[in-house]
Amino acid sequence: ALLSTDDLNGDGKMDLAWTVEGCSTFCVLETQIASWDGKSYTSTIQPGAVIAAGSAKFEPVATGDPGQGQQLVLSGGMSGTPEGGLAVPHTEVWQSVKGAPYQRIRWHYDRNAEGNDCLGLRLVEADVALQAAPVLGYKPALDLYTQTLDPKLKACSIFGMAADQELVILQGLASFRLIQAQALSGALDTAKAALATLTKGQPDSQYTAAAKQWLDE
């Protein structure tokens, strides 16, 4: 279905955006964007703009965000079937920065939905922020990873294992990701301090070993 014909990223060129929906036991919506360069259309969106049982729309980029023109907003995530994965209502924001292909810069889920405010989903939010760090900076990722270490957060039962086992694994992963973000942002001393804390709490964890190796490289 046609979504928009406009200069979506503000580079002065006409863009064409459309969605493709595929359905089996549930429906998945994918958004594609192409830009006209005077001779042909070229794709101007990174892969992965897909959402289950969702919708897509364009709206102006929010003040303070790095993108230009219009941002793509994907909303949904409730497939209603076991095959569709976790039933997580969420919103994704995709923006084009300085004419580059649209990329995911933000992923938010509904923390008020029953059972959704858990460590695994907090990590998804933080991972997206880290992937977008080249355009957002590292602060959003650092803040989100720090929040994942809240001891009140529970597991999400993502891996089909006992909740206490999953929680330990996810806490180790969260610490590892925080150490990575700290080091990448230039805060090496802070990353080393976080590694010391992880080593004390999970001395035999695969993530402790990975963090040590990662910092040594």
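Quick caveat: nothing in here was measured; it's all calculated off a predicted structure.

Turning our attention to the confidence of the model for the chain. Here the chain averages 90 in pLDDT, and 93% of its residues register 70 or above. Averaged pLDDT values for the elements of the chain fall to 90 in strand S5 (residues 50-52) and rise to 97 in strand S6 (residues 55-60).

Right, let's get into the nonpolar core. Membership of the largest hydrophobic core comes to 23 residues, with the highest contact counts inside it found for Leu 119, Leu 123, Tyr 145, Ile 179 and Ala 211. For this core, the secondary-structure elements that each account for two or more residues are helix H1 (119-131), helix H3 (139-148), helix H4 (163-184), helix H5 (188-201) and helix H6 (206-216). It is H4 that contributes the most residues to this core, eight residues altogether. Excluding its chain neighbours within four sequence positions, the residues that come into contact with Leu 123 are Tyr 145, Thr 148, Leu 170, Leu 173 and Ala 174. Within the second largest apolar cluster, 13 residues are counted, among which are Leu 8, Ile 33, Leu 72 and Trp 94.

Next up on the list: H3. Where H3 is concerned, the buried positions are Ala 141, Leu 142, Tyr 145 and Thr 148. For H3, the angular spread of the buried residues around the axis is 120°, confining them to a single face. Contact partners of the buried residues in H3: H1 and H4.

Attention now moves to the state of the cysteines. According to the stated counting rule, one finds one disulfide in the structure shown. Sulfur-sulfur distance for the disulfide between Cys 23 and Cys 27 comes to 2.0 Å. One disulfide, between Cys 23 and Cys 27, carries an S-S torsion of 110° and so falls in the right-handed class. Take Cys 27: its relative accessible area is 26%, and that puts it in the partly exposed class.

Moving on, we get to the packing of aromatic side chains. In total, this model carries four aromatic pairs according to the counting rule given. Summarising the aromatic geometry, the rings of Phe 58 and Tyr 102 are spaced 6.2 Å apart at their centres and angled 80° between planes, so their arrangement reads as edge-to-face. Placement of the pair is Phe 58 in strand S6 and Tyr 102 in the loop between strand S8 (90-95) and strand S9 (103-109), with a sequence separation of 44 residues. Neither residue differs from the other here; Phe 58 and Tyr 102 are each classed as buried.

This part covers the side chain of Asn 9. Tracing the sequence through the fold places Asn 9 in the loop between strand S1 (2-6) and strand S2 (15-23). With a relative accessible area of 3%, Asn 9 lands in the buried category. In this structure Asn 9 touches Asp 15, Gln 68, Gly 69, Ser 96, Gly 99 and Tyr 102, once residues within four positions along its chain are discounted.

Cut-offs applied
Residues numbered from 1 in each chain as written. Predicted model: local features only at pLDDT ≥ 70, side-chain atom pairs only at ≥ 80, totals over all residues. Heavy atoms only, no water. pLDDT = per-residue confidence, 0-100. Helix = DSSP H or I, 4+ residues; strand = E, 2+ residues; numbered from the N terminus. Core = buried A, V, L, I, M, F, W, Y, C linked by side-chain atoms within 4.5 Å. Buried < 20%, exposed > 50% of the residue type's maximum accessible area, 1.4 Å probe, protein only. Contact = heavy atoms within 4.5 Å. Arc of directions from axis to C-beta. Disulfide = S-S within 2.5 Å. Phe/Tyr/Trp six-rings, centres within 6.5 Å; stacked < 30°, edge-to-face > 60°.

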